[in-house]
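Fold and contact review
The chain contents come next:
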Amino acid sequence: MLTIKRLSIDDAKILIDGARAKATEIGVPMCIAIVDESGTLIAFERMDGGKVTSTVIAQDKAFTAAAARKATHDYNASAQPGSLAFGIHTEVGGRLSIVGGGMPVSVDGEVVGGIGLSSGTPQQDMECAQAGIDHFLAQL
């Protein structure tokens, strides 16, 4: 029998809480998306002041991280001209993100979902996503 670990809505809220705390600390209002292992949205928060365009970008970053089982920034180098993966960001209806800020969420080595942040620089988005994951893992 297979046992699949899944993120619950409560888990998603914990991830958002950790990411929001870091975003507040650095003074950048973010859009924060949490998806399950298939990339389907579980929870979303647009902080006051989060960019309107970032609502979709955060969700696409979370989708990419969960569905591809890798951080969005890991796609960046391999998606440059001359690379065999050049243009990968146009796949899956344009939903694959190669911009930093999307990270898979893993429990015991198994990807159970993804977190995506947008509104800051890619580095700020990555920092807040990692803070969300760290906060979540500290609760386990």
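Scroll up to find the structure this text is about.
Below: a short report on this structure. (Residues numbered from 1 in each chain as written. Predicted model: local features only at pLDDT ≥ 70, side-chain atom pairs only at ≥ 80, totals over all residues. Heavy atoms only, no water.)

What to know about helix α4 (residues 122-139)
- Between its terminal C-alpha atoms α4 stretches 26 Å, which fits the 26 Å expected from 18 residues at 1.5 Å a residue.
- Turning to α4, its buried residues number three or more, namely Asp125, Met126, Cys128, Ala129, Ala131, Gly132, Ile133 and Phe136.
- Where α4 is buried, its residues meet α1 (9-26), α2 (54-68), α3 (72-78), β3 (102-107) and β4 (110-118). (Helix = DSSP H or I, 4+ residues; strand = E, 2+ residues; numbered from the N terminus. Expected span 1.5 Å × (residues − 1). Buried < 20%, exposed > 50% of the residue type's maximum accessible area, 1.4 Å probe, protein only. Contact = heavy atoms within 4.5 Å.)

Looking at the pairing of strand β2 (residues 41-46)
- Pairing of strand β1 (residues 31-36) with β2 involves five bridges; the strand directions are antiparallel. Each bridged residue has a counterpart across the sheet, and for Ile32 the counterpart in β2 is Glu45.
- The loop that links β1 with its antiparallel partner β2 comprises four residues; one of these, Gly39, has a positive phi angle of about 95 degrees. (Pairing = 2+ DSSP bridges.)

Topic: the nonpolar core
- Counting 24 residues, the largest nonpolar core has Leu15, Met30, Ile32, Ile34, Val105, Ile115 and Leu117 as the members making the most contacts within it.
- Beyond its immediate sequence surroundings of up to four residues, Leu15 is in contact with Leu7, Ile34, Val105, Ile115, Gly132, Ile133 and Phe136.
- Cys31, Ala33, Val35 and Ala58 belong to the second largest nonpolar core, which has six residues in total. (Core = buried A, V, L, I, M, F, W, Y, C linked by side-chain atoms within 4.5 Å.)

Structural notes on the pairing of β3
- Pairing of β3 with β4, which is carried by six bridges, proceeds in the antiparallel orientation. Bridging across to β4, Val105 finds its partner in Gly113.
- With antiparallel pairing between neighbouring strands as the criterion, β3 and β4 make up a hairpin whose turn holds two residues, including Asp108 at a positive phi of roughly 55 degrees.

Overview of unusual backbone geometry
- The phi dihedral of Val92 falls on the positive side, at around 50 degrees, and the residue is not glycine.
- With respect to the element layout, Val92 can be found in the loop between α3 and β3.
- For Val92, a relative accessible area of 47% gives the class partly exposed.
- Despite not being glycine, Ser119 has its phi angle at roughly 140 degrees, a positive value.
- Here Ser119 lies in the loop between β4 and α4.
- Classification of Ser119 by relative accessible area gives buried; the value is 8%.

Section: the packing of aromatic side chains
- By the definition in use, this model includes zero aromatic pairs.
- We note Lys70 situated over the ring of Tyr75; from NZ or CZ to the ring centre the distance is 4.5 Å.
- Over the ring of Phe63 we find Arg95, and its NZ or CZ is 4.0 Å from the ring centre. (Phe/Tyr/Trp six-rings, centres within 6.5 Å; stacked < 30°, edge-to-face > 60°. Lys NZ or Arg CZ within 6 Å of the ring centre and 35° of its normal.)

Describing the environment of Val99
- Topologically, Val99 is positioned in the loop between α3 and β3.
- Once the C-alpha coordinates of Val99 and Asp74 are considered, the two residues, 25 residues apart in sequence, prove to be 8.8 Å apart.
- Each residue touching Val99, except ones within four places of it in the same chain, is listed here: Lys61, Thr72, His73 and Pro122.

Quick word on the side chain of Ser97
- Of note, Ser97 is situated in the loop between α3 and β3.
- At 3.3 Å, the side chain of Ser97 and the backbone nitrogen of Val99 are in polar contact. (Polar contact = N/O pair within 3.5 Å; in protein donor to acceptor, adjacent residues only side chain to side chain.)

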